[in-house]
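# Results of the structural survey
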Amino acid sequence: MQYSQEDENFPITRFESMLKTNNILFFDSNDFENIIHHYLENGKIALSKRAIKLGLEQHPSSINLRLFQVEILVIENKFKEANNLLDRLHNIEPTNEEIFIQKANVLSKQDKHQQAIDTLLIAIDLSNTPEDDADLYALVGMEYLFLDQFENAIIYFKKCLESDISDYSALHNIVYCYDFLNQHTEAIDYLNTFLNTNPYCEVGWHQLGRQYFTIKDYSKANDALDFAIISDDTFVGAYLEKGKVLEKLKQYDEAIENYKITLALDDPTSFALLRIGQCYAKLGQEDLAIQFFKKAINEDALLDKAWIAITKFYMKRLNYQKALHYINKAVIIDGDNATYWKLFATVNKRLNFLEEAERGYKQTLELGNFELDTWLNRSDVLITLRDYDTAIFNLLQASEFYPENAEVEYRLAGLYFTVHQPEEGRFHLKNGTRLNIDYNFIISELFPQLTDKPLIKAIISEAKKTSN
């Protein structure tokens, strides 16, 4: 006898009808379990609790309904009540593996991951169907991940695959662990062994291609991804990865072809559109490059790489007005992106819009970009703007991140001499010459008015003699 979707949903429909009419109807315990499971999967906690209550009224001895009650208590972070209920259930059925699984769940939620593992291992020992224990092995693997014990996690995720060869989630987790351990050779060996017995597993070939890509063996990566596509010619991820590999091989036309296949197979992704734009740029097809950069932005206005790509595209061609147009749009859309602000500052500096450039560098620093060139570029703009006090403060902050840095010291020296604080100037100039005499050109470049000062000439001259 065949059942339709309507037959499967009938207990739920009947249950909800009962709630509306307040007529108490009888359901067997399996029906209640299915109803509760349905509501939990759909996040309808209140209805789940109602179904558990009515189910226990009709089937007070049902262990499975009590276990659903435990799930609700865990969701509500009522761990003590959950543990008490599990202890009572354990006294009734001491060999019920589901009780130990729920105990492990409670322990895990309390960050007691080693105890959760020990409890899950008891559940595995109690299992009457060891061939179906993939889910239990996966739970153990996840607990080891919580503990950052990746080698142990690998052992149990491999057991998952031994129990269920199609458990691609376990395969992904194995590769994730190898990646975290930076064991790419081991990952490749494992995947090759796995594929010897599962030669048409597109996910395995895809993961193998990604590993070869990581170690920069692009030829083998390309071959592996070809096998992924042979195994499943609608596998979007394989085409995307193959496109990346072909870019590394400088086969830009073929890369574009693969990225375009993904656009035909699925909804366009901003990543694929951006990569196509980058490939066209490498091929010197500038109109098409711009066209696809714009498509990437239209697809996802928050894709920072697209805004950065189009801005840098125009910068490279010295079209700073166009670059400014796009980076202005980017900072309006996402004003908390430090990379945007740094590009904004760079473009404005090239256009000699120094106040805006200074604002950009300042914002970049405030957003946590503490790269040395950000500090130095900001100080150089401030020097040009003759805002010497702010420039000094900026460089003193920089020196906290980059102590004993010659470029910082020479700038501080020039600034202190400029604001007539010769002792501080002398101190920092001596530091600069001690650290690297070759950077003494900074004084003449940024502070030409100081070049002929006898004290400065003497310090630099003495340092050159010493260095020789």
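Scope of this entry: the structure provided in the associated data block. (Residues numbered from 1 in each chain as written. Predicted model: local features only at pLDDT ≥ 70, side-chain atom pairs only at ≥ 80, totals over all residues. Heavy atoms only, no water.)

What follows is about a positive patch on the surface. Together, Lys216, Lys248, Lys250, Lys282 and Lys316 line one region of the surface with positive charge. One can find Lys316 in helix α18 (residues 304-316). (Patch = residues over 30% accessible without salt bridge, like charges linked within 9 Å, V, L, I, M, F, W, Y side chains within 5 Å. Areas by Shrake-Rupley, 256 points an atom, 1.4 Å probe, with all protein chains shown as cover. Salt bridge = Lys/Arg side-chain N within 4 Å of Asp/Glu carboxyl O. Lys, Arg positive; Asp, Glu negative; His and termini not counted. Charge placed at Lys NZ, Arg CZ, Asp CG, Glu CD. Helix = DSSP H or I, 4+ residues; strand = E, 2+ residues; numbered from the N terminus.)

Turning our eyes to something else, we now look at the side chain of His428. With respect to the helices, strands and loops of the structure, His428 is situated in helix α25 (residues 422-435). Within the local environment of His428, its side chain forms a polar contact with the side chain of Glu409, the two groups lying 2.6 Å apart. Apart from residues no more than four positions distant in its own chain, His428 is found in contact with Glu409, Leu412, Ala413 and Tyr416. (Polar contact = N/O pair within 3.5 Å; in protein donor to acceptor, adjacent residues only side chain to side chain. Contact = heavy atoms within 4.5 Å.)

Another aspect to go through is the environment of Gly368. Relative to the elements of secondary structure, Gly368 occurs in the loop between α21 (354-366) and α22 (372-384). Between the C-alpha atom of Gly368 and that of Asn337, which follows or precedes it by 31 residues, the distance is 9.7 Å.

With that settled, consider the layout of surface pockets. Considering only enclosed or pocket space, the largest pocket measures out at about 240 Å³ in volume. If you go around the largest pocket, the residues you meet are Gln278, Ala281, Lys282, Phe293, Lys305, Ile308, Ala309, Lys312, Phe313, Lys316 and Arg317. Every element with two or more residues in the lining of the largest pocket is listed here: α16 (270-282) and α18. In terms of residue count, the dominant contributor to the lining of the largest pocket is α18 (six residues). The class makeup of the residues in the lining of the largest pocket is five nonpolar, one polar and five charged. (1 Å grid on protein atoms, 1.4 Å probe; cavity = no way out; pocket = protein on both sides within 12 Å on 5 of 7 lines; lining within 4 Å. Points joined across faces, edges and corners; volume = space filled by probe spheres on them. Nonpolar A, V, L, I, M, F, W, Y, C, P; charged D, E, K, R; others polar.)

Our next topic: the pattern of salt bridges. Tallied over the entire structure, the rule returns ten salt bridges. Salt-bridge contacts for Lys342 lead to Glu371; the nearest nitrogen and oxygen are separated by 2.5 Å. A residue pair is termed long-range when its members are at least 10 positions apart, and Lys342 in helix α20 (residues 338-350) and Glu371 in the loop between α21 and α22 qualify at 29 residues. Overall, Lys342 belongs to the buried group, its relative accessible area being 13%. Residue classification places Glu371 among the partly exposed residues on the basis of a relative accessible area of 41%. The structure contains a network of salt bridges with shared partners spanning Lys342, Glu371 and Asp373. (Buried < 20%, exposed > 50% of the residue type's maximum accessible area, 1.4 Å probe, protein only.)

The values are spatial; any link to function lies outside them.
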